Amino acid sequence: ARRAPWIVSPCCIGALNKRADEAGFLAEIPMEPGEAYAIEKVDDGRCWVLTREKRIPLQGAQQVKSDGQMGPILLAFRQNQFRGGHSKRLQACEALPALRFVLNGEPGVAYFTARQDMILTKRSGPQLQRPRSQWLAKQISQADFADLARLADAGKQGHENFEDIFYCAKTVVTLDRAMWAHERSYEVELKRIPKLEG
């Protein structure tokens, strides 16, 4: 719903690490429909929202449905540039003056009015670091962990040649989460589910 922080969390662990720039907490930039604001765009393509005497780094934009629930992400800052996704999302962005400016406008400042059917988003928390735990971070690099996590995501039961490898990869990823919690004084147990051990 509007005005509630949320976590950008792709389904796959590997995808989360592959697109680490997306990981973290996002929140709506608070503006009432009809409220005037400006977007400042700099030479490298990054943008800031100028509203209520604040200069807020823009992370993206998301559609708001008529019932107030969040719709699809229209625009996101990924890999050091703003991207609009597939063709339908790009068409939607082109129809909205603020997003058209973010994607295609020249550097400078442009003025807009907040809409009922769209919000602009900011990052409200630090990017998630992978590996999560110090225990694993001391053993492998972030790039190696991304490969490991993608391998864990790709695993399927019954794969004749690689099932053991997939299982080990998933175990390491699970242990990383558990050790992250343990390092913060949580009591953690790792258990196997009977009859699912293979």
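An account of the accompanying structure is given in this report. Per-chain numbering applies: the sequence of each chain, read as written, is numbered from 1 onward. Local features in this predicted model are restricted to residues of pLDDT 70 or higher, and side-chain atom pairs are both shown and tallied only at a pLDDT of 80 or more, whereas totals for entire chains, interfaces and linings draw on every residue. The basis for every side-chain value is the complete set of heavy atoms in the structure, and neither hydrogens nor water enter the calculation.

1. Concerning the side chain of Gln59
(1) Moving on: Runs of H or I in DSSP of at least four residues are treated as helices and runs of E of at least two as strands, each being numbered from the N terminus. Mapping Gln59 onto the fold places it in the loop between β5 (54–57) and β6 (60–64).
(2) Moving on: Three exposure classes are used, based on accessible area relative to the maximum for each residue type with a 1.4 Å probe and protein chains only: buried under 20%, partly exposed in between, and exposed over 50%. A residue is classified by how much of its surface remains accessible, and Gln59, at 9% relative accessible area, is buried.
(3) Moving on: Of the polar contacts made by the side chain of Gln59, one reaches the side chain of Arg123; its length is 3.3 Å. Pairing of N or O atoms within 3.5 Å defines a polar contact, subject to two protein rules: one partner must be a possible hydrogen donor and the other a possible acceptor, and residues neighboring in sequence count only if both atoms are side-chain atoms.

2. Some points on the nonpolar core
(1) Moving on: To qualify as a nonpolar core, a set must consist of buried Ala, Val, Leu, Ile, Met, Phe, Trp, Tyr and Cys residues joined through side-chain atoms within 4.5 Å. With 24 residues, the main nonpolar core has Tyr37, Ile39, Leu58, Leu99, Met118 and Leu120 as its most contacted residues.
(2) Moving on: The leading source of residues in this core is helix α3 (residues 97–104), at 4 residues.
(3) Moving on: We call two residues contacting when some pair of their heavy atoms lies within 4.5 Å. Contacts of Leu120, omitting those with residues within four sequence positions, involve Ala27, Glu28, Ile29, Met31, Tyr37, Val49, Leu58, Gly60, Ala61 and Leu99.
(4) Moving on: Among the nonpolar cores identified, the runner-up in size contains 7 residues, and Phe145, Ala149, Ala169 and Val173 belong to it.

3. Side note on the packing of aromatic side chains
(1) Moving on: Note on aromatic contacts: the rings of Phe and Tyr and the six-membered ring of Trp form a pair at centre separations within 6.5 Å, being stacked when their planes are under 30 degrees apart, edge-to-face when over 60 apart, and tilted otherwise. Enumeration according to the criterion identifies 3 aromatic pairs in this entry.
(2) Moving on: Here Tyr37 and Phe112 contribute two aromatic rings whose centre-to-centre distance is 5.9 Å and whose plane-to-plane angle is 35°, an arrangement assigned as tilted. Pair noted here: Tyr37 is in strand β3 (residues 36–41) and Phe112 is in strand β9 (residues 108–113), with a separation of 75 residues, a long-range link. Accessibility assignment for this pair places Tyr37 and Phe112 in one class, buried.
(3) Moving on: An aromatic cluster of at least three residues, connected via ring pairs, comprises Tyr37, Phe101 and Phe112.

4. Overview of the sheet that holds β9
(1) Moving on: If DSSP finds at least two bridges between two strands, the strands pair. The sheet built from 4 strands is open, its strands ordered β5-β4-β3-β9 with antiparallel pairing. At either end of the open sheet lies a strand with only one pairing partner, and these are β5 and β9. Direction aside, neighbouring strands of the sheet carry axes that sit 30° apart on average.
(2) Moving on: Inspection of the sheet shows strand β4 (residues 47–51) paired to β5 by 4 bridges, in the antiparallel sense. Following the sheet pairing, Leu50 is matched in β5 by Arg55.
(3) Moving on: Orientation is described by axes fitted as lines to C-alpha atoms, over the contacting stretch for helices, and by angles from 0 to 180 degrees between their N-to-C directions. Contacts between α3 and the sheet are confined to β3, β4 and β9, with β3 contributing the most and set at about 10° to the helix.

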